[in-house]
Amino acid sequence: MHEMSLAEGIRQIVEETARHQGFGRVRTVVLEIGQLAVVEPDSLRFCFDAVMKGGPADGAVLQIDRVPGTGWCAQCAAQVEIAELYDPCPRCGGYRVQVTGGTEMRVKELEIE
Amino acid sequence: MCNVCGCGAGEARIEGLPTGQGARQGRPGDAAGEVSPRGWRVTDSHEAAHYGRGPAGAQAPGMSQARMLSIEQRILARNDALADENRRWLAGRGILALNLVSSPGAGKTTLLVRTIEALQARVPVSVVEGDQQTSFDAERIRATGAPALQINTGKGCHLDALMVGQALSRLAPPVDSVLLIENVGNLVCPAAFDLGERAKVVVLSVTEGDDKPLKYPNMFAAASLMLINKTDLLPYVDFNVDKAIDFALRVNPALVVIPVSATTGAGFDAWLDWVDVHLDEARTVVPLKADLYAGKGA
């Protein structure tokens, strides 16, 4: 699992933002994780708590907002919603669906004090 | 340290040396960020605690100064920036970089050895080898005469763009050449990390299950080419090639599939043709991003 590396990326973003904005502590870290992203949220939560120790987000609450997966069905020529990368198009049942959204992994907001 | 697979930081090594040594200088983002003392804490001896400088910009008695700060930053932004830098560096030199990914034991190194033997008479090939430990693979590659650099990721489960950037400056692959990056054997984590390669090539061997593309969809979604390896063993194993291809195309309709055997050389003509097409592109087509930073690449 690479969730440890992701947690370290989050800490870098938090620390850089803390330096620029001059705040001390973060209460909540809000992530936006796509339904189709290469992330296991439980594993990320575990790594988050461990990696944030001693930094501005030590003890912060981790809020993970899921973004639904979307794809473009070449057969229907339409944007459709999919829950897994291998899901068929919900309209035509075909598999010519190219993923267009839901793979993002972003730090969306920080609740600071 | 992660208790799932044990991956952690600070143990990555290139040829036995910590990755911190010999790092390229002057990468964007390396400089310490400018400190902007806009916080509400006391910033110098003349100021008492200043309540108007809090994050909320004002103080109302009894109200918390906590506020939401919009960040909107990709978690892997730093890796992606380094990957873009690698991509520009490679593009400026006309180097085709391929990132080979698979589960352990799919035959990547044997495939590389045979590929190098076929290619090196007409184009220089260099190799970056990623493994948690040992330099066995780099030694196998060097036996072909091709330069190879071993990266040991320690407890890490994937190569990242920083490791590859450092490897590039040490390996110094020549202009108009092929760089093959053999990632750590792992069908999950390397999918998320852009190294600056032109394409990811996923290797699936017939000694694995034909349902792997559905079980590990992210990797097959991230790849441009799937090589189905060890086809010489098909008579002895229960692996349905058509099913594996069907599953892979469900995940990624644009995926190109070539069945090969690194042992017998079957299918290698098609695989080498694919490499040639992409090498021509690497030599002639400069990606848009490289244009934006013209002058830095060459």
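J.: Would you mind going over the sheet that holds strand S3 (residues 67-74) of chain B with me for this structure?
T.: Taken in spatial order, the four strands of this open sheet run S2(A)-S1(A)-S6(A)-S3(B), and their pairing is mixed. Edge strands, defined here as strands with exactly one partner in the open sheet, are strand S2 (61-67) of chain A together with S3 of chain B. Within this sheet the neighbouring strands show an average axis-to-axis angle of 20°, counted without direction. Alignment of strand S1 (residues 26-34) of chain A against strand S6 (residues 105-112) of chain A, held across seven bridges, turns out to be antiparallel. Bridged to Leu 31 of chain A within S6 of chain A is Val 107 of chain A.

J.: What exactly am I supposed to notice about the pairing of strand S9 (residues 225-229) of chain B here?
T.: Note on strand geometry: in a regular strand, side chains alternate between the two faces of the sheet. Residues and elements named next belong to chain B. Counting buried positions over the five residues of S9 gives four, a clear majority of the element. Pairing geometry for S9 and strand S10 (residues 256-259), over four bridges, is parallel. In the strand pairing of S10, Leu 225 is matched with Val 256. Once the chain exits S9 it traverses helix H7 (residues 241-251) before rejoining the sheet at S10, and the crossover so formed is right-handed.

J.: Quick question: what am I supposed to make of the sheet that holds strand S5 (residues 125-131) of chain B here?
T.: Within a sheet, each strand pairs with its neighbour through backbone hydrogen bonds, oriented either parallel or antiparallel. Residues and elements named next belong to chain B. With respect to topology, nine strands assemble into an open sheet ordered S2-S1-S6-S5-S7-S4-S8-S9-S10, the strand pairing being mixed. A strand with exactly one partner marks an edge of an open sheet, and here the two such strands are strand S2 (17-18) and S10. In this sheet, strand S7 (residues 178-182) lies alongside strand S4 (residues 96-102) in parallel orientation, the contact comprising five bridges. In the sheet register, Leu 96 faces S7, and the bridge partner there is Val 178. Along the sheet face, helix H8 (residues 268-284) touches S4, S7, strand S8 (199-205), S9 and S10 and points at about 140° away from the line of S10.

J.: I keep staring at the pairing of S1 of chain A and nothing clicks. Help me out?
T.: Residue and element names in this part refer to chain A. The pairing of S1 with S2 spans seven bridges and is parallel. Residue pairing in the sheet places Val 30 in a bridge with Gln 63 of S2. Assessed by its sense of winding, the connection that carries the chain from S1 through helix H2 (residues 41-51) to S2 is right-handed.

J.: I would appreciate a short explanation of the environment of Arg 91 of chain A in the present structure.
T.: Considering the arrangement of structural elements, one finds Arg 91 of chain A in the loop between strand S4 (78-82) and strand S5 (97-101). Each residue touching Arg 91 of chain A, except ones within four places of it in the same chain, is listed here: Cys 73, Cys 76, Ala 78 and Val 80 of chain A.

J.: Sorry, what's going on with the packing of helix H2 (residues 108-119) of chain B against H8 of chain B here?
T.: Think of two packed helices as two axes; the pair is described by the angle between the axes and how far apart they sit. Residue and element names in this part refer to chain B. One way to put it is that H2 packs onto H8 with a least axis distance of 11 Å and a crossing angle of 70°. Viewed along their axes, H2 and H8 adopt a mutual orientation that is roughly perpendicular. Like other packed secondary-structure pairs, H2 and H8 cross with a definite hand, here right-handed. Here Arg 114, Ala 118 and Leu 119 of H2 come into contact with H8, specifically with Phe 268, Leu 272 and Val 275. Residues that form the contact of H2 with H8 fall into these classes: five nonpolar, no polar and one charged.

Conventions we followed
- Residues numbered from 1 in each chain as written.
- Chains lettered and ligands numbered in written order.
- Predicted model: local features only at pLDDT ≥ 70, side-chain atom pairs only at ≥ 80, totals over all residues.
- Pairing = 2+ DSSP bridges.
- Helix = DSSP H or I, 4+ residues; strand = E, 2+ residues; numbered from the N terminus.
- Axes fitted to C-alpha atoms, helices over the stretch in contact; angles between N-to-C directions.
- Buried ≥ 20, exposed ≤ 12 C-beta atoms within 10 Å, placed from the backbone.
- Right-handed = clockwise from strand over helix to strand, strands pointing away.
- Contact = placed C-beta atoms within 7 Å.
- Parallel < 35°, antiparallel > 145°, perpendicular 65-115°, else oblique.
- Left-handed = near helix turned anticlockwise from the far one by under 90°.
- Nonpolar A, V, L, I, M, F, W, Y, C, P; charged D, E, K, R; others polar.

That is the geometry; function is a separate question.
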